[in-house]
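# Reading the structure
Below, each chain spelled out in residue letters.
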Amino acid sequence: GTHLTACAFLMFFMSLSSITTSMLNSIGLENKTLFYYIIGGLLMLISICVLPNILGIYSLVVGFFALYGLTTILNLKLINKNCVQKPKYKSFLLYSLILILPTALFGIIIKKLILPLLGSFLTLILSSGLMVIFYILLCVGFNLVSTEFIVQKFTFKFKRKKQNLA
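This write-up is about the structure you can find in this document.

Calculation notes
- Residues numbered from 1 in each chain as written.
- Predicted model: local features only at pLDDT ≥ 70, side-chain atom pairs only at ≥ 80, totals over all residues.
- Heavy atoms only, no water.
- Phe/Tyr/Trp six-rings, centres within 6.5 Å; stacked < 30°, edge-to-face > 60°.
- Helix = DSSP H or I, 4+ residues; strand = E, 2+ residues; numbered from the N terminus.
- Patch = residues over 30% accessible without salt bridge, like charges linked within 9 Å, V, L, I, M, F, W, Y side chains within 5 Å.
- Areas by Shrake-Rupley, 256 points an atom, 1.4 Å probe, with all protein chains shown as cover.
- Salt bridge = Lys/Arg side-chain N within 4 Å of Asp/Glu carboxyl O.
- Buried < 20%, exposed > 50% of the residue type's maximum accessible area, 1.4 Å probe, protein only.
- Polar contact = N/O pair within 3.5 Å; in protein donor to acceptor, adjacent residues only side chain to side chain.
- Contact = heavy atoms within 4.5 Å.

### Description of the packing of aromatic side chains
One pass over the full model with this rule turns up six aromatic pairs. Members of the aromatic cluster, connected to one another through ring pairs, are Phe9, Phe12, Phe13 and Phe65.

### With respect to the environment of Ser91
Here Ser91 lies in helix 6 (residues 89-118). For the pair Ser91 and Ser22, spaced 69 residues apart in the sequence, the C-alpha separation amounts to 21 Å.

### Let's talk about a nonpolar patch on the surface
Residues Leu117, Leu118, Phe121, Leu122, Ile125, Leu126, Leu130, Ile133 and Leu137 make up a contiguous nonpolar surface patch of about 880 Å² in total accessible area. At the level of secondary structure, the elements contributing two or more residues to the nonpolar patch comprise helix 6 and helix 7 (120-141). With respect to the helices and strands, the residue Leu117 is situated in helix 6. Given the relative accessible area of 69%, Leu117 is considered exposed.

### Observations regarding the side chain of Thr20
When you line up the elements, Thr20 lands in helix 2 (residues 10-26). On the basis of relative accessibility, which here comes to 2%, the residue Thr20 falls in the buried class. Within the structure, the side chain of Thr20 is placed 3.1 Å from the side chain of Asn75, a separation counted as a polar contact. Discounting chain neighbours no more than four positions away, the residues touching Thr20 are Asn75, Leu76 and Ile79.

Right, dumping it as structure tokens:
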């Protein structure tokens, strides 16, 4: 659990790196994203080879942070450079990070309330689902995501499934 806790912040960079790499690959910048990933991978290898005497097992965490952090930063700079319409991700990321705090608090409260009643597995499933719903409601409430967009996505999938059944 201690090592997993130390690595938790990496999920943010891993997901952003994956999303931005996919975006850049779709506009024909595969060579650049591959180059950025190789540079990050080399930094990770250096971290794994050099830092274990100093940091122990946490040198792997530093290596993964070098890999995904660098890839994310370089990808975001490349997106800003190559996209005609500049993305407005800075405010979205800031608000998203701020909204994670009440969502985490909500999850802790839910866990404390239902863990004695349902056990670990069901508490994990129920609290995770409720946290996702709570986070979506916060995003809609603060206009980070429009309700029309959500309704459009769900109705399109539902209509498509109905057409396939007919």
